[in-house]
Amino acid sequence: MEYLDFELPIKELEEQLDKCEIIGKESDVDVTESCKNIEKKLLKTKKDIYKNLTAWQRVQLSRHPNRPYTLDHITALAGNTFMELHGDRTVKDDKAMIGGLGKIGDQSFMFIGQQKGYNTKTRQYRNFGMSNPEGYRKALRLMKMAEKFGIPVVTFLDTPGAYPGLEAEERGQGEAIARNIFEMTKLKTPIITIVIGEGASGGAVGIGVGDLVYMMENTWYSVISPESCSSILWRSWEHKEQAAEALKLTAEDMKKQKLIDGIIKEPLGGAHYDRETAFKEVERTIIEAYDQLKKLSTKDLIKKRMEKYTKMGEFKG
């Protein structure tokens, strides 16, 4: 397990607990009481740390290297029923954007999401979760396929942003994202969107126009990352904590501003501490959301979706 800076007190206590248990196993000394006291202190420390997280600490947790990514969620939800589909039928297959058909119970879904890597090799392979235009075009192709066969769409957002390279711009990065937003607003099938990590800028919104949008507890969703915001305003990354607070990018902030529909509770310490519980919460959320949306006619579904997004940014004096 890797620990973030603010988690170091937890690391120390967990190391103490491990040593205590080893002493108990390897000697005749009864350390049961000592181990229990350390466990109590560890639980209290965890609760104290995680109930008072700053916006920047939430950003750090969303990037935790042990945090489950899109394919982890899909595998947990759909298991062997998941069949990945490839290519945009124009340029190539974007490895940073994955998608395919799978089942939760007896219900089929089209799963789409950004995928990051676990080590240097896979991070390069997945382009650090930053999609090229062909990734967004692949996503749109799969959404149109889902629409054709009446299959609901589930999108997982986890990207530091769309790939900003010259070749991406040459192939129409802005147009690809804009096209997706346009097409998703009128897609004739339910769309459920979940932010499972980083939800940065147009790169996230390009597959994020959902009928119901949820954020996991330790994620963020914003027009810009705190580091980039800091570098623009202060010409330095040193003010990233201040920028994170000002951007109002946490799940709680987004819910207060009515930009998302709900927050998915995470296990104490984050999704990486107890993956199975996190996966079950995501599955429950998807099933409940689909149960709501499947009752709507296609006309009402699109009408409510359009109303949802046209209301955003309204200001009444």
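The present account deals with the structure reproduced in this document. Computed from a prediction, not measured in an experiment: that's the story for all the values here. (Residues numbered from 1 in each chain as written. Predicted model: local features only at pLDDT ≥ 70, side-chain atom pairs only at ≥ 80, totals over all residues. Heavy atoms only, no water.)

With that settled, the discussion passes to the overall build of the protein. When helices and strands are counted, the protein shows 14 helices and eight strands. For 317 residues, the compact-globule estimate of 2.2 N^0.38 gives 20 Å, and the protein sits close to it at 21 Å. Relative to its full complement of 317 residues, the protein shows a buried share of 50%. Looking at the protein alone, contacts between residues at least 24 apart form 72% of all its contacts between residues at least 6 apart. Only carbon and sulfur atoms are counted for the fraction: they give 53% of the accessible area of the protein, which is about 16,100 Å². (Helix = DSSP H or I, 4+ residues; strand = E, 2+ residues; numbered from the N terminus. Rg over C-alpha atoms; globule rule 2.2 N^0.38 Å. Buried < 20%, exposed > 50% of the residue type's maximum accessible area, 1.4 Å probe, protein only. Contact = heavy atoms within 4.5 Å. Areas by Shrake-Rupley, 256 points an atom, 1.4 Å probe, with all protein chains shown as cover.)

What follows is about the nonpolar core. A general tendency of soluble globular proteins is for nonpolar side chains to be buried together. In terms of nonpolar packing, the biggest core is built from 28 residues, with Met110, Ile112, Val153 and Tyr221 touching the most fellow members. Those elements giving two or more residues to this core turn out to be strand E3 (107–114), helix H6 (133–148), strand E4 (153–159), helix H8 (173–185), strand E5 (191–200), strand E6 (212–216) and helix H12 (251–256). Broken down by element, the residue count for this core peaks at five residues, all from H6. Core analysis: the next-biggest nonpolar cluster, separate from the first, contains 25 residues, Ile74, Ala78, Tyr214 and Ala271 among them. (Core = buried A, V, L, I, M, F, W, Y, C linked by side-chain atoms within 4.5 Å.)

Counting across every chain of the model gives one disulfide. Here Cys20 pairs with Cys35 through a disulfide, and the sulfurs are 2.2 Å apart. Residues Cys20 and Cys35 are joined through a disulfide that is left-handed, its torsion about the S-S bond being -110°. Of the two residues, Cys20 sits in helix H1 (residues 8–26) while Cys35 sits in helix H2 (residues 32–50), which places them 15 residues apart along the sequence. (Disulfide = S-S within 2.5 Å.)

With that out of the way, let us pick up a nonpolar patch on the surface. Together, Ile232, Leu233 and Trp234 line one region of the surface with nonpolar side chains, adding up to about 310 Å² of accessible area. Within the element layout of this structure, Leu233 appears in helix H10 (residues 226–234). (Patch = residues over 30% accessible without salt bridge, like charges linked within 9 Å, V, L, I, M, F, W, Y side chains within 5 Å. Salt bridge = Lys/Arg side-chain N within 4 Å of Asp/Glu carboxyl O.)

On to the packing of H6 against H8. In contact at an axis separation of 8 Å, H6 and H8 are set at 20° when each is read in the N-to-C sense. It follows that H6 is roughly parallel to H8 by the angle criterion. H6 and H8 meet at a crossing whose hand is left-handed. Across from Pro133, Tyr136, Arg137, Ala139, Leu140, Met143 and Lys144 in H6, the residues of H8 making contact are Gln173, Glu175, Ala176, Ile177, Arg179, Asn180, Glu183 and Met184. (Axes fitted to C-alpha atoms, helices over the stretch in contact; angles between N-to-C directions. Parallel < 35°, antiparallel > 145°, perpendicular 65-115°, else oblique. Left-handed = near helix turned anticlockwise from the far one by under 90°.)

With 16 residues, H6 ought to run about 22 Å at 1.5 Å a step, and its terminal C-alpha atoms sit 23 Å apart, in line with that. Of all 16 residues that make up H6, twelve are buried, and the element is covered over most of its length. Residues of H6 that are buried include every one of Pro133, Glu134, Gly135, Tyr136, Lys138, Ala139, Leu140, Arg141, Leu142, Met143, Ala146 and Glu147, and no others. Phi for Gly150, located one or two positions after H6, is positive at around 65°. (Expected span 1.5 Å × (residues − 1).)

With that out of the way, let us pick up the pattern of salt bridges. Overall, the coordinates contain 23 salt bridges when judged by the stated rule. In this structure, Glu217 engages Lys265 in a salt bridge whose closest nitrogen and oxygen atoms are separated by 3.7 Å. Here Lys265 lies in the loop between strand E8 (262–264) and helix H13 (275–293) and Glu217 lies in the loop between E6 and strand E7 (220–222), a separation of 48 residues in the sequence. Note on Lys265: relative accessible area 54%, which makes it exposed. With its nearest N and O atoms 3.4 Å apart, the salt bridge here joins Asp291 to Lys294. On the basis of relative accessibility, which here comes to 31%, the residue Asp291 falls in the partly exposed class. One network of salt bridges, with partners in common, ties together Arg137, Lys144, Glu147, Glu175, Arg179 and Glu183.

On to unusual backbone geometry. The backbone phi angle of Lys248 is positive, close to 55°, even though this residue is not glycine. Notably, Lys258 is not glycine yet its phi reads approximately 60°, a positive angle. Positionally, Lys258 belongs in the loop between H12 and E8. Residue class for Lys258 comes out exposed when judged on its relative accessible area of 71%.

Where burial is concerned, most of E5 is hidden: ten out of the ten residues are buried. Judged from the six bridges that link them, E4 and E5 form a sheet pairing that is parallel. The residue bridging Val154 from the neighbouring strand is Ile192, located in E5. Both E5 and E6 contribute to a ladder of four bridges, which runs parallel. When the sheet's bridge partners are listed, Val195 is paired in E6 with Met215. Both E5 and E7 contribute to a ladder of three bridges, which runs parallel. Across the sheet, Ala200 pairs through a bridge with Ser222, a residue of E7. (Pairing = 2+ DSSP bridges.)

Here we take up the side chain of Ser225. Looking at the secondary structure, you find Ser225 in the loop between E7 and H10. Looking at Ser225, its side chain comes within polar contact range of the side chain of Ser228, at 3.0 Å. Excluding residues that lie within four positions of it along the chain, Ser225 makes contacts with Arg63, Trp220 and Leu247. (Polar contact = N/O pair within 3.5 Å; in protein donor to acceptor, adjacent residues only side chain to side chain.)

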